[in-house]
Amino acid sequence: MIHIFIANIIDLIASMVQIYSGTVKDKGKILLLQILQLGIQSVSMIILGAIPGAISNVLSCIRNYLCYKNIFTWPIKIILILLSLILTVMFNNQGILGYLPFAVCTVYVLFMDIKDPFKFKLLVTLTFIPWIFYFLIIQSYTGAFFAAATVVTNLGTLLKMKQTTQA
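**Observations concerning the packing of aromatic side chains**
Inference 1: Tallied over the full model, the rule gives four aromatic pairs.
Inference 2: Aromatic pair Trp-131 and Tyr-134: ring centres 5.3 Å apart, planes at 85°, arrangement edge-to-face. Separated by three residues within a single helix, Trp-131 and Tyr-134 lie in helix α6 (residues 117-138), roughly one turn from each other.
Inference 3: Owing to a relative accessible area of 0%, Tyr-134 belongs among the buried residues under this scheme.
Inference 4: Measuring from ring centre to ring centre gives 5.8 Å for Trp-131 and Phe-135, while their planes differ by 35°; the resulting arrangement is tilted. With Trp-131 and Phe-135 both in helix α6, this residue pair falls four residues apart, about one helical turn.
Inference 5: On the accessibility criterion, Trp-131 (10% relative accessible area) is buried.
Inference 6: For Phe-135, a relative accessible area of 1% gives the class buried.
Inference 7: Among the aromatic residues, those joined into a cluster by ring pairs are Trp-131, Tyr-134 and Phe-135.
Inference 8: Between Lys-77 and the ring centre of Trp-74, over which it is positioned, the NZ or CZ distance is 4.1 Å.

**Let's talk about the pattern of salt bridges**
Inference 1: According to the stated counting rule, one finds one salt bridge in the structure shown.
Inference 2: Between Lys-77 and Asp-113 there is a salt bridge, with the nearest N and O atoms lying 3.0 Å from each other. In this pair, Lys-77 sits in helix α4 (residues 74-91) while Asp-113 sits in the loop between α5 (100-111) and α6, placing the two residues 36 residues apart along the sequence.
Inference 3: Judged by its relative accessible area of 30%, Asp-113 is partly exposed.

**Brief notes about α6**
Inference 1: Relative to the 32 Å expected for 22 residues at 1.5 Å per residue, α6 spans 32 Å between its end C-alpha atoms, a close match to the ideal helical length.
Inference 2: Remark: the principal bend of α6, roughly 25°, maps to Pro-130.
Inference 3: Looking at the packing, one finds that the buried side of α6 touches α1 (2-21), α2 (27-47), α3 (51-68), α5 and α7 (141-166).
Inference 4: The N-cap residue of α6 is Asp-116: its side-chain oxygen and the backbone nitrogen of Phe-118 are 2.8 Å apart.
Inference 5: Taken from the residues just after α6, Gln-139 is the one with a positive phi, measuring 75°.

Reading guide: rules and limits
- Throughout this document, residue positions are counted from 1 along each chain, in the order its sequence is written.
- Local features in this predicted model are restricted to residues of pLDDT 70 or higher, and side-chain atom pairs are both shown and tallied only at a pLDDT of 80 or more, whereas totals for entire chains, interfaces and linings draw on every residue.
- Only hydrogens and water are set aside when side-chain values are computed; all heavy atoms of the structure are taken into account.
- The pairing test for Phe, Tyr and Trp rings, Trp by its six-membered ring, is centres within 6.5 Å, and the orientation test on the planes gives stacked under 30 degrees, edge-to-face over 60, and tilted for anything in between.
- A run of H or I in DSSP becomes a helix once it reaches four residues, and a run of E becomes a strand once it reaches two; helices and strands are each numbered from the N terminus.
- Each residue gets one of three labels from its accessible area relative to the maximum for its type: buried under 20%, exposed over 50%, partly exposed in between, using a 1.4 Å probe on protein chains only.
- Only Lys NZ and Arg CZ are tested; either one counts as a charge over a ring when it is within 6 Å of the ring centre and within 35 degrees of the ring normal.
- Should a side-chain nitrogen of Lys or Arg be within 4 Å of a carboxyl oxygen of Asp or Glu, the pair is scored as a salt bridge.
- Any helix carries an expected span of 1.5 Å times its number of residues minus one.
- The angle separating two fitted axes, one through the seven residues that finish at a residue and one through the seven that start at it, defines the bend at that residue.
- Two residues qualify as a contact provided that any one of their heavy atoms is within 4.5 Å of a heavy atom in the partner residue.
- Under the rule applied, a polar contact is a pair of N or O atoms within 3.5 Å (in protein, one hydrogen donor and one hydrogen acceptor; residues adjacent in sequence only if both atoms are side-chain atoms).

So, in structure tokens, the structure goes:
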């Protein structure tokens, strides 16, 4: 039981970064904040035994860095997706649930080079929704709460962005 408490405290720290990223409009800053958040959250997932989630997060750090540096090409996307699939299959200890991080991150990888800031923020928002359920199942209650809060924060930012473009 203590490991669940410790993992949730660590995820609380990651979640603070995650929530803040929901208020940011700049794609580069979002990616850097996500690298920090994902790295911290990987520790929590390992403690909770969610190895596929941790694998996905570590690969997501690499993905975000390559995207931030504008060197995220289609061949690199394919390599990361294949690497994610191979590692998920090799280390999946969660049955069908263990494939959720792979599926969500694959969708994100395929579309994350969207140039339109509104569409990118929408992608970020939609890909957070499945994580809410994943966190609940692995007992990362702070992760689930703050993933839901991030969705709400991002929706607010999307509304503001939409109003700004219509003004």
